[in-house]
Amino acid sequence: MDPVRVNWQIKALLPVVLVLLAGLLLFTVATVSFRDPERHVILMVAGAGAVVICGVSIVALAYLFQRPMLELQEKVARIGEGNLDVAVSFSRRNDEIGDLGRNFNRMTQQLRESRKEIETMHRTQMSRAEHLATLGELATGLAHEIRNPLAGIAGVVEIIGRDLPATSPARDMVKDVRMEINQINRILTDLLETARPHPPLMMRSNLNTTVEHGVMLARQQVLSKPIKIELKKAPDLAEVEHDSDQIHQVLLNLLLNAVQAIDGAGTVRVEIGSRDDFASVTVSDTGRGIPEHLLPHIFRPFYTTRGNGTGLGLSLARRIVEEHHGLIGVTSQVGKGTAFEVLLPFNASVAQTEAS
Ligand SMILES: Nc1ncnc2c1ncn2[C@@H]1O[C@H](COP(=O)(O)OP(=O)(O)OP(=O)(O)O)[C@@H](O)[C@H]1O
Ligand SMILES: [Mg+2]
């Protein structure tokens, strides 16, 4: 139930009226001994005085308080309609009501400035977003254009390689060219997937096979290097709901990062296992490690410390893992190595319902 609304004039006047009535009562009692016509006049004068005091108080209160309150109410309503170009006139008064007016005017001034700032920021961000969108379109268009001739080049190189005698020194060169083509292809895939992501195509299948596929490809990349890639599978692992193409891409990106972090000889270890409701894949290396202050940046798109890197590998890996309702984490020690752990829920659809 709403409390009864009592007009402020009544609230302000009630104590005054009560005091005056009490005064009149006292006056009546005090003048009992007076003669009647005189007493009547005195009482009438006192009564009229009381009424005048009430009237003057009401006018004074209305002038001093009601007017500013009404103005304030009107200005607040205008702000509510979105008009911030308002100021109250009673801010010139030299009392507490004036303080209120000055504070109100200062507040609207600050609101105006903040709105202007937000509008400017919005405008620059919009034009930046448009600029990035155009660049993205350009990059993806270019990526498509490069991919087709690249597939042609890969085919020709394959044929040339096959036709070369087994002892020909050019075989190594052909192998290098094939590896470079694979690398360009991976960068183009990352770029296209970043610019035009598509939701994972979830299927329940063996995670060991997906990981093994990535390890095989990475091993081809390190044939000429003193780097060993070890794989420890989990034969009893239950099937994991995942998009094998996308998880393969995650694995390949982690493996290539690991390989690229090793100067000279080293080992990359891939281990499959499980933790509670998640299947886990750990990729650890004996590479140079990542300084602690850089760890928060490595998943950012376009963050790279490699001259020829695009910096898309880890940001894409994280996006794919998160779309699988999984987690990706990293621990690293400078000079000792880095370990990335990917956790994928066995039932991605259950994990999604629980999350939402
Ligand atoms: N295993 C690792 N050891 C050391 N540093 C790493 C490792 N993995 C990632 N990093 C650091 O994180 C950065 C970002 O990695 P990310 O894979 O996103 O991009 P990139 O490898 O530089 O380029 P690309 O787009 O070709 O993958 C790397 O440049 C590197 O500095
Ligand atoms: Mg990378």
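Residues numbered from 1 in each chain as written. Chains lettered and ligands numbered in written order. Predicted model: local features only at pLDDT ≥ 70, side-chain atom pairs only at ≥ 80, totals over all residues. Heavy atoms only, no water.

**Let's talk about the sheet that holds strand β5 (residues 278-285)**
Phase 1: Spatially, β2-β4-β5-β7-β6 is the arrangement adopted by the five strands of the open sheet, whose pairing is mixed. Two strands bound the open sheet, and with one partner strand each, they are β2 (227-232) and β6 (327-333). Neighbour to neighbour, the strand axes of the sheet diverge by 15° on average, direction disregarded.
Phase 2: Relative to β5, strand β4 (residues 266-275) runs antiparallel, the two sharing eight bridges. (Pairing = 2+ DSSP bridges. Helix = DSSP H or I, 4+ residues; strand = E, 2+ residues; numbered from the N terminus. Axes fitted to C-alpha atoms, helices over the stretch in contact; angles between N-to-C directions.)

**Topic: the side chain of S91**
Phase 1: Within the secondary structure layout, S91 lies in the loop between α2 (36-80) and α3 (96-163).
Phase 2: Since its relative accessible area comes to 15%, S91 is described here as buried.
Phase 3: A polar atom in the side chain of S91 sits 3.3 Å from the backbone oxygen of V88.
Phase 4: Residue contacts for S91: discarding those within four places in its chain leaves G98, G101, R102 and N105. (Buried < 20%, exposed > 50% of the residue type's maximum accessible area, 1.4 Å probe, protein only. Polar contact = N/O pair within 3.5 Å; in protein donor to acceptor, adjacent residues only side chain to side chain. Contact = heavy atoms within 4.5 Å.)

**A look at the site of ligand 1**
Phase 1: Close to ligand 1 lie 20 residues, the nearest being N257, T304, T305, T310 and L314.
Phase 2: The backbone of L312 places a nitrogen or oxygen atom 3.0 Å from an oxygen atom of ligand 1.
Phase 3: The contact in question runs from an oxygen atom of ligand 1 to an N or O atom on the backbone of G313, over 3.3 Å.
Phase 4: Surface burial for ligand 1 is 96%, taken as the share of its 590 Å² of free accessible area covered by protein chains. (Near = heavy atom within 4 Å. Areas by Shrake-Rupley, 256 points an atom, 1.4 Å probe, with all protein chains shown as cover.)

**A few points about the confidence of the model for the protein chain**
Phase 1: Predicted confidence across the protein chain gives a mean pLDDT of 89, with 98% of residues reaching 70 or more.
Phase 2: Looking across the protein chain, the model is least confident in helix α8 (residues 348-355), with a mean pLDDT of 70, and most confident in β5, with 98. (pLDDT = per-residue confidence, 0-100.)

**Considerations on helix α5 (residues 207-221)**
Phase 1: The end-to-end C-alpha distance of α5 is 22 Å, a good match for the 21 Å that 15 residues give at a rise of 1.5 Å each.
Phase 2: The set of residues buried in α5 consists of L207, N208, T210, V211, G214, V215, A218 and Q221. Buried residues of α5, seen end-on, are gathered within an arc of 165° and therefore sit on one face of the element.
Phase 3: Two to three positions downstream of the cap, the backbone nitrogen of N208 sits 2.9 Å from a side-chain oxygen, assigning the N-cap of α5 to N206. (Expected span 1.5 Å × (residues − 1). Arc of directions from axis to C-beta.)

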